[in-house]
Amino acid sequence: FLFDRKGNMLVAPPEGEEAPAAPGVSLSYDEGSVASLEAERTVDVRYPVDDASSSVSISSLQLPGMDEEGKHRFRILAVDDDPMNMKVLLSQLSGEEYIVYPAYNGYEALDMLQRKPVDLVILDLMMPRLSGYEVCRTIRETHPATELPVIMLTARAETFDVIHGFDVGANDYLTKPFSRSELMARIKLHLSIVMANVDPVTGVGNRRYFDSAVDREWRRARREEQPLSLALIDIDHFKPYNDTYGH
């Protein structure tokens, strides 16, 4: 088991073994998370301890397009403070193979990103307290545009607003009112780009995902002044697997 000096667990324990506690930290994990680890669906298993709590539950962070049961379903975070607009958006997304998490303000959206794996964000621009610009800028501190696309929705179509949206890290910009077909086309386009990070044979992250993840974690470690650990694992006699399932 690996911990950093602040008590964050870097690697979850194997099945059947208790998670050791770092000084002053109580750790627990569930069987479902370990099963996900053994199924090789988990590639990032850092779980920072919340300062407001003395314990943290170990749960897996899935790859793009993979739900908690290992099925291929994309997860979309929809953010809009207007209940009617949210109802319309959820209606437009219905019937598709998506898991949709609704958030009704910027703070709720950022909290959701901390608790659930998300593949794409649909973000309303004009919201009270925390605007879509601020939410997007915060998202980009930990999630690169190549890993988590953000589509901004707004009734403001001035050139300045569009440029500002791209400056804070948005991948796309859609003005209201918009058609369902256009929204679906843009969602599918950006999700297809995200899937370029996943190896089609194994279903785990490829070299492109690795490079992006290392860059993200390196920047996070520098920002939080924490150490960064990297484990290199080799599998013996892997050639028969490649011969059977391909490279």
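Residues numbered from 1 in each chain as written. Predicted model: local features only at pLDDT ≥ 70, side-chain atom pairs only at ≥ 80, totals over all residues. Heavy atoms only, no water.

**Overview of the confidence of the model for the chain**
Of the residues in the chain, 69% reach a pLDDT of 70 or more, and the chain-wide mean stands at 75. Low pLDDT, under 50, characterises residues 1-6; the stretch is placed with 25 contacts to residues that sit more than four places away or in other chains. In the predicted structure, residues 21-61 sits below a pLDDT of 50 and forms 80 contacts with residues beyond four places in sequence or in another chain. (pLDDT = per-residue confidence, 0-100. Contact = heavy atoms within 4.5 Å.)

**Some thoughts on the environment of Arg208**
Topologically, Arg208 is positioned in helix α7 (residues 207-224). A relative accessible area of 41% means that Arg208 is categorised as partly exposed. For Arg208 and Ala196, which are twelve residues apart along the polypeptide, the C-alpha to C-alpha distance reads 7.9 Å. (Helix = DSSP H or I, 4+ residues; strand = E, 2+ residues; numbered from the N terminus. Buried < 20%, exposed > 50% of the residue type's maximum accessible area, 1.4 Å probe, protein only.)

**Observations concerning the packing of helix α2 (residues 83-93) against helix α6 (residues 180-194)**
Packing of α2 against α6 brings their axes to within 10 Å, and their N-to-C directions diverge by 70°. Taken together, α2 and α6 sit at an angle that is classed as roughly perpendicular. α2 and α6 meet at a crossing whose hand is right-handed. Of the residues in α6, those in contact with Leu89, Gln92 and Leu93 of α2 are Arg180, Leu183, Met184 and Ile187. Its residues placed into classes, the contact of α2 with α6 shows five nonpolar, one polar and one charged. (Axes fitted to C-alpha atoms, helices over the stretch in contact; angles between N-to-C directions. Parallel < 35°, antiparallel > 145°, perpendicular 65-115°, else oblique. Left-handed = near helix turned anticlockwise from the far one by under 90°. Nonpolar A, V, L, I, M, F, W, Y, C, P; charged D, E, K, R; others polar.)

**Focus on the nonpolar core**
Among the nonpolar cores identified, the biggest contains 25 residues, and Leu77, Val79, Val121, Leu123, Ile139 and Met152 are the most heavily contacted of them. Ile76, Met86, Met184 and Ile187 belong to the second largest nonpolar core, which has 17 residues in total. (Core = buried A, V, L, I, M, F, W, Y, C linked by side-chain atoms within 4.5 Å.)

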